[in-house]
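So you can see what is in the structure, the chains are spelled out below.
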Amino acid sequence: MAVDMTPPPGAPAFLVSAGWEGADILPVAGDASFRRYFRVVDSGRSAILMDAPPPHEDPRPFLAVARWLTEHGFAAPAILHEDLAQGLVLLEDFGDVRLRETVDAEPARELGLYGAAVDLLVRLHEKDAGVEPPYDLAVYQREAGLFVEWYCPAVGLEVDAAGYRAAWDAVLAPLLDGHRPVTVLRDYHAENLMLIEGGEGLGLLDFQDALAGHPAYDLVSLLQDARRDVPEATETAMLARYRAATGAGEAFDTAYHVLGAQRNAKILGIFTRLWKRDGKPRYPSLCPRVWTYLERDLAHPALKPVADWFAANVPSEKRGDPMRVAA
């Protein structure tokens, strides 16, 4: 199902109130949610119009995190104007140059740009968490549960849901203590990192779901990217870079793989839901990559309860693109 990129009816009046009367409104992109984005162009200046329509979307978390990031020296888009009742927000335009396309076109820059992204996380993790809710066991379980809720039925599997939850309890519980909560952006990957023309550092996008949680999570999001292949050598080098900068040790490595498995199980459920519920059939084709990451994480000894559950409940032929598996 194609995303309707007709500007929202209230956009012209909103732009008048923002001082952008008569500006052109050009489609930029939709995403996996109900949010849509448009570029607003007027006399040599440009901005981004975010359409986050209630009741499906609420722009307030995005605004709160954006302001927190900016106050702490990170490049989140400046908020130029907002109308919460309509879910319209006018944002600074970071341009079109994303880390993803830059690295794909210039592979020699991969280590340097991923290194900059890791260094940004190091700086972020030096700060105490902001105003975000906690990334607690209930959230981890709800997310991991999307796999048995959506992926398994889509490929014709009846699985032990209670055993799945118990296995995750066993591996996630040790992660809940023993670390200082940091701001976890949760979708920190190559398509949400912008190379800002004429600026320094990386611009941040898509952080409205931020929580206060474990510092390993965003590193997983970056290095086990569901949307592009990150070479294992790059993953290893960037983990070493983070450890060298922070002094993180074996417990961090364990957390990285546990949260990697949790995130990848969640993504398999989400991508299946986007196909089955939301009519977005491009997402299942990304699932084989996610399975590769998941199986790599499950090989870690700390994941044995979850790995045993997958071995007993999800045969190898049921692991892949759910559209193809179902067919």
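Residues numbered from 1 in each chain as written. Predicted model: local features only at pLDDT ≥ 70, side-chain atom pairs only at ≥ 80, totals over all residues. Heavy atoms only, no water.

### Side note on the environment of L80
In step 1: Its location among the elements puts L80 in strand β4 (residues 79-83).
In step 2: Of the residues examined, L80 reaches a relative accessible area of 43% and is grouped as partly exposed.
In step 3: Note: C-alpha distance between L80 and I48 (32 residues apart in sequence) is 9.5 Å.
In step 4: Setting aside anything within four residues of it in sequence, one finds L80 in contact with A47, L90, L91 and E92. (Helix = DSSP H or I, 4+ residues; strand = E, 2+ residues; numbered from the N terminus. Buried < 20%, exposed > 50% of the residue type's maximum accessible area, 1.4 Å probe, protein only. Contact = heavy atoms within 4.5 Å.)

### Regarding the layout of surface pockets
In step 1: Approximately 240 Å³ is the volume found for the second largest pocket.
In step 2: Ranked by residues supplied to the lining of the second largest pocket, first place goes to helix α10 (residues 250-276) with four residues.
In step 3: The class makeup of the residues in the lining of the second largest pocket is seven nonpolar, five polar and two charged. (1 Å grid on protein atoms, 1.4 Å probe; cavity = no way out; pocket = protein on both sides within 12 Å on 5 of 7 lines; lining within 4 Å. Points joined across faces, edges and corners; volume = space filled by probe spheres on them. Nonpolar A, V, L, I, M, F, W, Y, C, P; charged D, E, K, R; others polar.)

### Quick look at the packing of aromatic side chains
In step 1: Applying the stated criterion across every chain, the model contains 16 aromatic pairs.
In step 2: An angle of 10° between the planes, with centres 5.1 Å apart, marks the rings of F147 and Y151 as stacked. One end of the pair is F147 and the other is Y151, both in helix α6 (residues 146-154) and four residues apart, which spans about a single turn.
In step 3: Looking at Y151, the relative accessible area reads 0%, which means it is buried.
In step 4: Each member of the aromatic cluster is reached from another via a ring pair, and the members are F147, Y151, Y164, W168, W291, W309 and F310.
In step 5: Of note, K276 hangs over the ring of W275, and the distance from its end group to the ring centre comes to 4.8 Å. (Phe/Tyr/Trp six-rings, centres within 6.5 Å; stacked < 30°, edge-to-face > 60°. Lys NZ or Arg CZ within 6 Å of the ring centre and 35° of its normal.)

### Let's talk about empty space enclosed by the protein
In step 1: Under the criterion given, the structure shown has one cavity of 30 Å³ or more.
In step 2: Of the pockets and cavities examined, the largest cavity occupies roughly 30 Å³.
In step 3: In terms of lining residues, the largest cavity is bounded by L185, D187, Y188, N192, L193, L204, L205, D206 and F207.
In step 4: Here the lining of the largest cavity is composed, by residue class, of six nonpolar, one polar and two charged.

### So, the pairing of strand β3 (residues 45-51)
In step 1: Of all seven residues in β3, five are buried, a share of seventy percent or more.
In step 2: As paired strands, strand β2 (residues 36-42) and β3 are joined by seven bridges and run antiparallel to one another. Across the sheet, D42 pairs through a bridge with R45, a residue of β3.
In step 3: Between β2 and β3, which follow one another and run antiparallel, lie two residues, and S43 among them has a positive phi close to 50°. (Pairing = 2+ DSSP bridges.)

### Re the state of the cysteines
In step 1: Under the criterion given, the structure shown has zero disulfides.
In step 2: In this model C152 remains outside any disulfide bridge; the closest cysteine sulfur is found in C287, 12 Å from its own.
In step 3: Judged by its relative accessible area of 0%, C287 is buried. (Disulfide = S-S within 2.5 Å.)

### Focus: the nonpolar core
In step 1: L69, F147, W168 and F310 are the most contacted members of the largest nonpolar core, which has 86 residues in total.
In step 2: Counting residues per element, this core draws most heavily on α10, which supplies eleven residues.
In step 3: If near-sequence neighbours (up to four positions away) are discounted, L69 is found in contact with F74, A76, L124, L185, L204 and F207.
In step 4: In this structure, F14, L15, A47 and L90 belong to the second largest nonpolar core, which totals eleven residues. (Core = buried A, V, L, I, M, F, W, Y, C linked by side-chain atoms within 4.5 Å.)

### Quick look at the pattern of salt bridges
In step 1: In this structure the tally under the stated criterion is 29 salt bridges.
In step 2: Salt-bridge contacts for D253 lead to R243; the nearest nitrogen and oxygen are separated by 3.1 Å. With D253 in helix α10 and R243 in helix α9 (residues 232-246), the pair connects residues that are ten residues apart, well separated along the chain.
In step 3: Here R243 falls in the partly exposed class, since its relative accessible area comes to 26%.
In step 4: Note that K304 is salt-bridged to D308, the shortest N-O span being 2.7 Å. With K304 and D308 both in helix α12 (residues 304-313), this residue pair falls four residues apart, about one helical turn.
In step 5: Taking relative accessible area as the criterion, K304 reaches 51% and is therefore assigned exposed. (Salt bridge = Lys/Arg side-chain N within 4 Å of Asp/Glu carboxyl O.)

### Focus: the environment of S43
In step 1: Among the structural elements, S43 can be located in the loop between β2 and β3.
In step 2: Between the C-alpha atom of S43 and that of A23, which follows or precedes it by 20 residues, the distance is 8.1 Å.
In step 3: Among the polar contacts made by the side chain of S43, one reaches the side chain of D42 at a distance of 3.5 Å. (Polar contact = N/O pair within 3.5 Å; in protein donor to acceptor, adjacent residues only side chain to side chain.)

Shape is all these values report; function is a separate question.
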